[in-house]
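Here is how the chains run, residue by residue.
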Amino acid sequence: MFAYIVRRFLIMIPTLLIISALIFFIIELPPGDYLETYIAELKQQGEKVDPSQIEFLRQEYGFDKPVVLRYFHWLGGMLVGDFGYSFEYQLPVTDVVGERLWLTVLLSFVTIIFTWIVAFPIGIYSATHQYSWSDYGLTFVGLLGLAIPNFLLALVMLYLANIWFGTSVGHLMAPEYLDKSMSWGKFKSIMEHLWIPVVVIGTSGTAAMIRRLRANLLDELQKQYVVTAKAKGLKPFKALVKYPLRMALNFFISDIGSILPSIISGAEIVAVVLSLETTGPLLLDALASQDMYLAGSFLMFLATLTVIGVLVSDIALAILDPRIRLAGGATK
Amino acid sequence: MSVQTDLIRVEDLRVAFMLHGSPLEVVKGISFRIKPGSVVALVGESGSGKSVTAQALLGILPRSASITGGEILFQDPETDGQVVDIASLHRDSSDMRELRGSRISMIFQEPMTSLSPLHTIGNQIEEALTLHREVEKGDARRVTEEMLGLVNFPDPSRAYDMYPFELSGGLRQRAMIAMAMICRPALLIADEPTTALDVTVQAQVLHQLKELQQKLNMAILLITHDLGVVANMADEVVVVYHGEVMEAGPVDAIFNNPGHPYLKALLHAVPHFDMKPGERLQSIRDINYEIGPAFGHKQNESAENDEPLLKISNLRKTFVTKKGGFFGATDENTLVAVDDFTLEIKRGECLGLVGESGCGKTTVSKMIMRAVSPDSGTVEFNNASGKTDVLGLAGSELKRFRPRMQMVFQDPFSSLSPRMTVLNILREPLIIHEMGNEKERLAKVTELMRLVGLDPRFLNRYPHSFSGGQRQRVGIARALALNPDLLLCDEPVSALDVSVQAQILNLLKDLQSELGLTYLFISHNLAVIDYVADRIAVMCKGKLVETAPREVLFKNPVHPYTQALLKAVPYADLNRPLDLATLHAGGASNVESWGPKFNATPDAPELTHLEIDEGHKVLVHKSVDAMELRT
């Protein structure tokens, strides 16, 4: 088991390397670079462009060097925590991202917990009461959640929250706390605002998870070993939790790998609509203005999350499922 | 309520399923009784309501089913004289749960799926104990290990921590028995406990059940369709058909003097070893088939050609299982699935290939079909157009050769696509091989349906609207669509009921003689092989151990493995009980028990196929002389 975990960690290294190369290559693909976008912008505003200054900037940022060199420079920087320089904000990437990263992690974490808390009981109830009125009702609500576009839901929720609770429109906190350091008041304000994006972003994920949990559990409930458990005289609830639910969890655990990045990148539109201080809108901007180090660092961040998520789910699966732990690697 | 001496008395039991809102009665007033410590067999085809009856007894009916009438009176010998009506208890009530698993317990047909794959067997067995008895943690483990020892686990304390997927089918079924018995129930319900097991393992499990039953003075309700098992186990027999009891009585009366026509028919539908040459099985419903012009007899198209149709030489296949890999240390395990397999199949014969599960029979058939590539060896096919090296074919040559050999599979449910109509299923081979135009194909498909006795009007139906036997006929029709010379039948009847089995076997036999087909018939059921095959090859652990004409093999089996297999078959005859005591615990494939004549020695590691009689070959040590083995 220990060897397995070590091996999985080692495999992460080449995976991340390949991803970083791909990201860098893709960011380099569009013609031109940030400086050209910058010059065009200056010209449009009717300002004069000093060629020597451009040349200085070009050298400063290393645009005159070959791609491969720049890639290794970027890669080496990331290893020591230097993610490069954002041209647009004229600040190091770490400073630009700063607080937003933690707010994003907070938002994602709360959303995942929300999804699980809501989806689990409903999924189990739906599966054990298949084709009952309550199953149909919950299914209907779930499908509504899947079908309503997130941004629309976001607008409706904003309106309602403002009317009913007087919560200020947009942002993750009241306007007066923006750009302030953390305080009790700011924390309270964040908590007050947090539930709207959590519900909005969580709805479709919850609905999808209910459907999957229901389908998986229904499959498992048909299995012979459930009858065996009942034939032993086990209480219905215990027989449900110990055997079929445990089996149905496999899909859910393997889901962790994809749930982290999808919540962070999937919430961009909602974040724009709600003007949230998360990383999503920043990434969109960075990609649009070819602010390459900022965009690259973001993509790298998402990739790392995916790889870590997959690692966590693999290890969890190996711990929970003896078939993977003991029979792993055997091929027929 | 009067005091009864029966352990269980079922009175006019009725069970109905709710189907599309209307009740469908599947058990229509069944009555029978079980005396303490006796074995009662509930016999019938699938769909006769026997399993549903057992589920009603235990209160584990599916959610859509409910008891609509009658009584199930249970008198526990441990609580003197108190009678409980199980039918009136709610299925999840605490009274019911107390009985379930403690006083009445059950084992199931599929040892592969009836245990949870995620929990150790120790955990699962112990759970049944701790649910019903107040035991301390350490004691529970000790009692569980004792129970595992009682069902003959070789190393109980190690077995306790093993997962079901690490055990063989026979051991899993024993773990199930241990789980069912750990609370010493008064009644054990065994629902087809050995149907999924090999004959030799079946004999051991039956032996186990019988022994425990006598030791613990427990009653068994045995549900089965195998009359051989019934003859060996039961004291009383209840025959059910369509949810009603047809006949009931002591086992000798049932076998020696069957009264009801259904029971008689059932007894006649089972192939047995005493059938006269040419005697037909009487299936309960015969198939009327009709041979069209496209399927004329292959009139010894090469009568002068004496060469065997298929010549398999020195076939070998190994499977490698890997543990770890990439950065970790790789630990390779080589498993020899098929070893030095040499066999000839003559034109127009039916060659039966027998062996226990895992012996490599299916791998052989897959290699012949080119679905699996062998490590070494050759397969040569002979017909009018000359010799073909089957394993050397590739690309379009292979495609052109494919119609010569076709396959019939074991499971009629998963071998037909549920998304295709029968018409499309039967037409597909013709389309792949670009035979005929649209009209000709339709004509041929219609003819195929008649050939297997199905109404061509069913062509537009999907497989799910057919029964298991009908689906298997569709499977046979599909295999015949390309007019093959050789048909590989891989356990074609083992998933079917006895009466349907007789039907399919008769159909296969008739088609073989009428169309001049050659069969390679794979089965683990010796009686079935005996009925259909002309020559029989016995396989064990990837090796061919004995080949002989049918009559010779059954009269004079020479190899100890063949002898053990034959000895383990339960006869539907009270005068020939299984000799349960002499079955060796290690199983028939335990090489050491074969003796020096049949084993390799360090100085002569190669065994040879010695011809001791005409067409009778046995795998023996080099020093053995044919005279020694002839009796």
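Located above this text is the structure these notes cover.
Residues numbered from 1 in each chain as written. Chains lettered and ligands numbered in written order. Predicted model: local features only at pLDDT ≥ 70, side-chain atom pairs only at ≥ 80, totals over all residues. Heavy atoms only, no water.

Trainee: Would you take a moment to explain the interface of chain B and chain A for this structure?
Mentor: Size of an interface: often given as the accessible area lost when the parts come together. Facing 36 residues of chain B, the contacting portion of chain A comprises 35 residues. When chain B packs against chain A, the two sides together hide about 3000 Å² of surface, and 64% of this comes from carbon and sulfur. It is Arg97, Leu118 and Glu127 of chain B that lose the most area in chain B upon contact with chain A, and together they represent 20% of the buried surface on that side. Counting across the interface, chain B meets chain A through two salt bridges. In this structure, Lys242 of chain A engages Glu127 of chain B in a salt bridge whose closest nitrogen and oxygen atoms are separated by 3.2 Å. Joining chain B to chain A, the criterion identifies twelve residue pairs in polar contact (both at pLDDT 80 or more). Elements represented by at least two residues in the side of chain B that touches chain A include exactly helix 3 (121–132), helix 6 (169–181) and strand 11 (310–323) of chain B. Take the side of chain B that touches chain A: its biggest share by element is six residues, from helix 3 of chain B. (Contact = heavy atoms within 4.5 Å. Buried area = accessible area lost by both parts, 1.4 Å probe. Salt bridge = Lys/Arg side-chain N within 4 Å of Asp/Glu carboxyl O. Polar contact = N/O pair within 3.5 Å; in protein donor to acceptor, adjacent residues only side chain to side chain. Helix = DSSP H or I, 4+ residues; strand = E, 2+ residues; numbered from the N terminus.)

Trainee: Is there a simple way to think about the sheet that holds strand 2 (residues 22–34) of chain B in this case?
Mentor: In any sheet, the strands associate via hydrogen bonds between backbone groups, in a parallel or an antiparallel arrangement. Residues and elements named next belong to chain B. One open sheet holds the four strands; their spatial order is 2-1-4-5, and the pairing between them is antiparallel. Only two strands of the sheet have a single neighbouring strand rather than two, namely strand 2 and strand 5 (83–85). Averaged over all pairs of adjacent strands, the angle between strand axes in this sheet comes to 10°, irrespective of strand direction. Of the pairings in the sheet, the one linking strand 1 (residues 8–19) to strand 2 comprises ten bridges and is antiparallel in character. Note that in strand 2 the partner of Ala16 across the bridge is Glu25. Seen against the sheet, helix 1 (residues 50–58) touches strand 1, strand 2 and strand 4 (65–75) and runs at an angle of roughly 110° to strand 1. (Pairing = 2+ DSSP bridges. Axes fitted to C-alpha atoms, helices over the stretch in contact; angles between N-to-C directions.)

Trainee: Looking at this structure, how should I read unusual backbone geometry?
Mentor: Negative phi values dominate among residues other than glycine, just as trans dominates among peptide bonds. All names here are of chain B. Here the phi dihedral of Asp340 falls at roughly 50°; this positive angle occurs in a residue that is not glycine. Given a relative accessible area of 36%, Asp340 falls into the partly exposed group. In the Ramachandran plot, Glu491 falls in the positive-phi region, its phi being about 50° despite a non-glycine side chain. Looking at the secondary structure, you find Glu491 in the loop between strand 17 (486–490) and helix 16 (498–515). (Buried < 20%, exposed > 50% of the residue type's maximum accessible area, 1.4 Å probe, protein only.)

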